[in-house]
Amino acid sequence: MPSYRELLQQARAEIDEVTSAEAHALADSGEPPVFLDVRNREEWEEGFVPGAVWIPRGNLESRVEGLLPDREREIVVYCASGTRSVFAVKTLGELGYSRVTNMAGGIVDWKRNGFEVQTPAVLTPAQRARYSRHLLIPEVGDEGQQKLLNARILLIGAGGLGSPASLYLAAAGVGTLGIVDDDVVDDSNLQRQIVHSTERLGEPKALSAKRTIEALNPDVQVVAYQERLSSENVERILADGWDVIVDGADNFPTRYLVNDASVWHDVPVVHGSIYRFEGQVTVFEPGEGPCYRCLFPTPPPPELAPSCAEGGVLGVLPGIIGSLQASEALKLVLGVGDSLRGRLLLFDALATTVDEVVVRRDPTCPVCGEHPTITEYVDYVQFCAAPRGVGA
């Protein structure tokens, strides 16, 4: 039966190694490798190679394919002194990774040479418990959860769509949520607007939502704007700095205003709309895909687009669409998955069907096109109320 030392010598003879100086030179090359840290959490929190991916040795086999799917990518593996990483390199080779190298001497030698070390933001024990199910997901983990805690998401409306979206974003640990709403809680809202309650009747929706969200998760700061979004205040509100906008507006003037502002400020918008049994969701990413005006160059006449107050809405429908909006917003913050950019998702609750429509960027779009003709805010109420000619 071979001893540990004999197994180590055998494994080392079967793999490639570089010194920490050679690894540092690779990091500064035109095509730097991925650095993979296989130490334990306590060691990782003391400092790591900048940009390194962290997978504890005990979780390597189960997590590496999710975090490093490209088996042809060059990988430099390290631990504290370069011993555990020897076996990690051998395991990766057995899993089909073809360009894996061990960093001899590990992070100890890296530090001894005076090379830069990055220290991670550390979750508190309470946060580790609260977000434990996120931390188990390779695409989220500690780094992704920190992204969420540092994220700033602006919600337009604290109504049917804003209610579920805000609750799930808060539960996920999005650090700052902005809520723009000038309305007050009415008893007709409570059939679907779950962020409010009967005892809040007459209370401003932005403040009611703030109370509910902060009670749900103390990690979340809520910035309440008790005002209706308009051309006069949109610049001031966006100046507070937002990573994503979740559009739950129930009227066309606000939707066009949000679109134009997002294009000019380069902020992605997760759009949602609902009516009776039907809902729609898509993502507008400025410079990467179509905008709202590419999808709807002109608003429909009022008689063809009644509001929920005029046509009604199934109470659970906003929960479905708002949750999808929250999911898209989280993916944008995390930088994972495929967003609904360029795709309009159509949900029919009556038939329980989901369809998609491809939406392409319009090169003649007056806002995001090659030669924009709308470069400043307009009177959006007037724009949406203007009569349309034949074919408009």
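Residues numbered from 1 in each chain as written. Predicted model: local features only at pLDDT ≥ 70, side-chain atom pairs only at ≥ 80, totals over all residues. Heavy atoms only, no water.

Turning to the overall build of the protein chain, a few remarks are in order. Along the protein chain, the regular secondary structure elements total 17 helices and 13 strands. Counting only C-alpha atoms, the protein chain reaches 85 × 50 × 45 Å along its principal axes. Relative to its full complement of 392 residues, the protein chain shows a buried share of 47%. The contacts in the protein chain between residues at least 6 apart in sequence include a share of 68% that link residues at least 24 apart. A total of about 18800 Å² of accessible surface is found on the protein chain, and carbon and sulfur atoms cover 52% of it. Taking the 34 positively charged and 55 negatively charged side chains of the protein chain as two groups, their mean positions are separated by 4 Å. (Helix = DSSP H or I, 4+ residues; strand = E, 2+ residues; numbered from the N terminus. Buried < 20%, exposed > 50% of the residue type's maximum accessible area, 1.4 Å probe, protein only. Contact = heavy atoms within 4.5 Å. Areas by Shrake-Rupley, 256 points an atom, 1.4 Å probe, with all protein chains shown as cover. Lys, Arg positive; Asp, Glu negative; His and termini not counted. Charge placed at Lys NZ, Arg CZ, Asp CG, Glu CD.)

Structurally, the position occupied by glycine 106 is in helix 6 (residues 106-112). Under the relative-accessibility criterion, glycine 106 is labelled buried at 0%. In sequence terms glycine 106 and cysteine 79 are 27 residues apart; their C-alpha atoms lie 5.1 Å from each other. Other than its neighbours up to four places away in sequence, glycine 106 contacts Tyr78, Cys79, Ala80, Ser81 and Gly82.

Turning our eyes to something else, we now look at the pattern of salt bridges. The tally for this structure, following the rule as stated, stands at 20 salt bridges. Residues lysine 210 and glutamate 214 are paired through a salt bridge, measuring 3.0 Å at the closest nitrogen-oxygen approach. Residue lysine 210 and its partner glutamate 214 are both found in helix 11 (residues 205-216); the two are separated by four residues, about one turn of the helix. Residue classification places glutamate 214 among the partly exposed positions, given a relative accessible area of 32%. Taking the shortest distance from any N to any O, the salt bridge between glutamate 285 and arginine 341 comes out at 3.5 Å. Remark: arginine 341 occurs in the loop between helix 16 (317-334) and strand 12 (343-348) and glutamate 285 occurs in the loop between strand 11 (278-284) and helix 14 (292-295); sequence separation between them is 56 residues. A residue is classified by how much of its surface remains accessible, and arginine 341, at 36% relative accessible area, is partly exposed. Put simply, Glu14, Lys90 and Glu94 are held in one network by salt bridges that share partners. (Salt bridge = Lys/Arg side-chain N within 4 Å of Asp/Glu carboxyl O.)

For the rest of this paragraph, the subject is the packing of helix 10 (residues 162-172) against helix 16. Between helix 10 and helix 16, whose axes approach to 7 Å, the crossing angle comes to 40°. Judged by the inter-axis angle, helix 10 sits oblique to helix 16. As helix 10 runs across helix 16, the sense of the crossing is right-handed. Residue-level contacts link Pro164, Ala165, Tyr168, Leu169 and Ala172 of helix 10 to Pro318, Gly319, Gly322, Ser323, Ala326, Ala329 and Leu330 of helix 16. (Axes fitted to C-alpha atoms, helices over the stretch in contact; angles between N-to-C directions. Parallel < 35°, antiparallel > 145°, perpendicular 65-115°, else oblique. Left-handed = near helix turned anticlockwise from the far one by under 90°.)

Ile153, Leu169, Val174, Leu177, Ile179 and Ile213 are the most contacted members of the largest nonpolar core, which totals 38 residues. No other element matches helix 16, which puts seven residues into this core. Discounting chain neighbours no more than four positions away, the residues touching leucine 177 are Ile153, Leu155, Ser166, Leu169, Ala170, Ile213, Val220, Gln221, Val222, Val223 and Trp242. Core analysis: the second largest hydrophobic core is formed by 23 residues, Ile156, Ala249, Val267 and Cys384 among them. (Core = buried A, V, L, I, M, F, W, Y, C linked by side-chain atoms within 4.5 Å.)

As a further point, take the layout of surface pockets. Considered as a void within the structure, the second largest pocket measures approximately 770 Å³ in volume. Contributing to the lining of the second largest pocket are 33 residues, with Val140, Gly141, Asp142, Glu143 and Gly144 lying nearest its centre. Mapped by element, the contributors of at least two residues to the lining of the second largest pocket are helix 3 (41-45), strand 3 (53-54), helix 4 (60-67), helix 8 (132-135) and helix 9 (141-150). If you tally residues by element for the lining of the second largest pocket, the top one is helix 9, at seven residues. Residue composition of the lining of the second largest pocket, grouped by class: 16 nonpolar, nine polar and eight charged. (1 Å grid on protein atoms, 1.4 Å probe; cavity = no way out; pocket = protein on both sides within 12 Å on 5 of 7 lines; lining within 4 Å. Points joined across faces, edges and corners; volume = space filled by probe spheres on them. Nonpolar A, V, L, I, M, F, W, Y, C, P; charged D, E, K, R; others polar.)

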